[in-house]
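# Coordinates in review
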Amino acid sequence: MTGLIDSHCHLDRLDDLPAAFQTARESGLSGMITIGTRWSEASTQISLTQHDTPELRIWCAIGTHPDHAHEERLPDVAEIVARAEAPCVVGIGESGLDYFHGTEDVKAAQQASFRTHISAARETGLPLVIHARQADEDVIAILRDEHGKGAFPFLLHCFASGPELAETAIELGGYISFSGLLTFPKCEEIRAVARVVPEDRILVETDSPFLAPVPKRGRPNTPSYVAHTAARLAQERGVTPERIAELTTANVHRLFTRTRP
């Protein structure tokens, strides 16, 4: 499976970047997108793209993860837009909602941050990378409300939700990315969604260093392991791994327009 792109990783969280890049090249990856989790660390994500080479492309997204929305200063839309002018910035985020630990004040901060990131995605035309955890109903409500103000590109990353959120995303023009969760024995609902998402809307990712796929469970995840998720996606959809590599790479370039050759 040559040419795969890891559409979501956290290079700033990896212990050995040179090794990660080497194994990625050996595995045939053509690129990866490192994703921001704190606005205060946007410069770190941008600096990581200095490792970009013609053989292994490195891009980034900048934003604040919902888990940190109540801790970080919320930039205004103009500030996000200005920072996103750097050509290496191909997306906004990750943002979204995560109610796993959420108190009501934390939920309010997440929702405000989510809407600000959406506005920045709408203004820049860059896709918003969305994190959704135990918050499907509110994610759907905000996506529909904001879509009514004007369309914006977006990606549901590390999909771990129910079919209603997937159906809403597709209806609104969004994309869906599958992580190592797709390979976990207990995640049949995720596999059921993966089997029916239109082929022009699917991406693959690692979310490394988290969620290492089977057969690498128990190890720190690395971008090269995206091949295992892609192979399982091919199995679930009844196509060849090469076809999944072709489809998902084309979809990355369609959604993240600044990654196009």
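Below is a short write-up of the structure. (Residues numbered from 1 in each chain as written. Predicted model: local features only at pLDDT ≥ 70, side-chain atom pairs only at ≥ 80, totals over all residues. Heavy atoms only, no water.)

When its secondary structure is counted, the chain shows nine helices and eight strands. The C-alpha atoms of the chain give 17 Å as radius of gyration, which agrees with the globular expectation for 261 residues (18 Å, within 12%). The principal-axis extents of the C-alpha atoms in the chain amount to approximately 40 × 40 × 35 Å. When the accessible surface of the chain is totalled, it reaches about 10,600 Å², and 50% of it is carbon and sulfur. Considering the chain, the positive charge centre built from 25 side chains and the negative charge centre built from 36 side chains are found 3 Å apart. (Helix = DSSP H or I, 4+ residues; strand = E, 2+ residues; numbered from the N terminus. Rg over C-alpha atoms; globule rule 2.2 N^0.38 Å. Areas by Shrake-Rupley, 256 points an atom, 1.4 Å probe, with all protein chains shown as cover. Lys, Arg positive; Asp, Glu negative; His and termini not counted. Charge placed at Lys NZ, Arg CZ, Asp CG, Glu CD.)

Turning our eyes to something else, we now look at unusual backbone geometry. Across the junction of Gly93 and Glu94, the peptide omega takes the value 20 degrees, indicating a cis bond. Note that Glu94 resides in strand E4 (residues 89–98). Even without being a glycine, Gln134 presents a positive backbone phi close to 50 degrees. A relative accessible area of 53% places Gln134 in the exposed class. Of note, Cys158 is a non-glycine position whose phi angle comes to about 45 degrees, a positive value. Along the polypeptide, Cys158 turns up in the loop between strand E6 (154–156) and helix H6 (163–171). By relative accessible area, which is 10% here, Cys158 ends up buried. (Buried < 20%, exposed > 50% of the residue type's maximum accessible area, 1.4 Å probe, protein only.)

What the eight strands build is an open sheet, ordered E1-E2-E3-E4-E5-E6-E7-E8; its pairing is parallel. Either end of the sheet is taken by a strand with one partner, and the two such strands are strand E1 (5–9) and strand E8 (202–204). When strand polarity is set aside, the average angle formed by the axes of neighbouring strands in this sheet is 30 degrees. Bridging between E1 and strand E2 (residues 31–35) involves three bridges; their strand directions are parallel. (Pairing = 2+ DSSP bridges. Axes fitted to C-alpha atoms, helices over the stretch in contact; angles between N-to-C directions.)

Turning our attention to the packing of helix H4 (residues 104–124) against helix H5 (residues 136–147). If you want to describe how two helices pack, look at the angle between their axes and the distance between the axes. In the contact formed by H4 and H5, the axes pass within 11 Å of each other and the chain directions differ by 40 degrees. Here H4 and H5 pass one another in a crossing that is right-handed. Across from Gln111, Phe114, Arg115, Ile118 and Arg122 in H4, the residues of H5 making contact are Asp138, Val139, Ile142, Leu143, Asp145 and Glu146. Residues belonging to the contact of H4 with H5 are distributed by class as follows: five nonpolar, one polar and five charged. (Left-handed = near helix turned anticlockwise from the far one by under 90°. Contact = heavy atoms within 4.5 Å. Nonpolar A, V, L, I, M, F, W, Y, C, P; charged D, E, K, R; others polar.)

Moving on, we get to the layout of surface pockets. Considered as a void within the structure, the largest pocket measures approximately 440 Å³ in volume. Along the wall of the largest pocket there are 19 residues; nearest its centre are His65, Asp98, His131, Arg133 and Asp207. Those elements giving two or more residues to the lining of the largest pocket turn out to be E4 and strand E5 (128–133). Take the lining of the largest pocket: its biggest share by element is three residues, from E5. (1 Å grid on protein atoms, 1.4 Å probe; cavity = no way out; pocket = protein on both sides within 12 Å on 5 of 7 lines; lining within 4 Å. Points joined across faces, edges and corners; volume = space filled by probe spheres on them.)

Let's shift gears to the packing of aromatic side chains. Throughout the structure, instances matching the rule amount to two aromatic pairs. Arranged with centres 5.7 Å apart and planes meeting at 45 degrees, the rings of Phe152 and Phe154 form a pair that is tilted. On the basis of relative accessible area, Phe154 is assigned to the buried category, the value being 0%. For the ring pair Phe159 and Phe178, a centre distance of 6.1 Å and an interplane angle of 65 degrees mean the geometry is edge-to-face. Taken together, the positions of Phe159 in the loop between E6 and H6 and Phe178 in strand E7 (residues 175–178) put the pair 19 residues apart, joining distant regions of the chain. The buried category is assigned to Phe159, whose relative accessible area is 2%. Seen from the ring of Phe100, Arg133 lies directly overhead, with NZ or CZ sitting 3.8 Å from the centre. Here the basic side chain of Arg201 rests over the ring of Tyr175, its NZ or CZ set 5.9 Å away from the ring centre. (Phe/Tyr/Trp six-rings, centres within 6.5 Å; stacked < 30°, edge-to-face > 60°. Lys NZ or Arg CZ within 6 Å of the ring centre and 35° of its normal.)

Taken by themselves, the reported measurements are silent on function.
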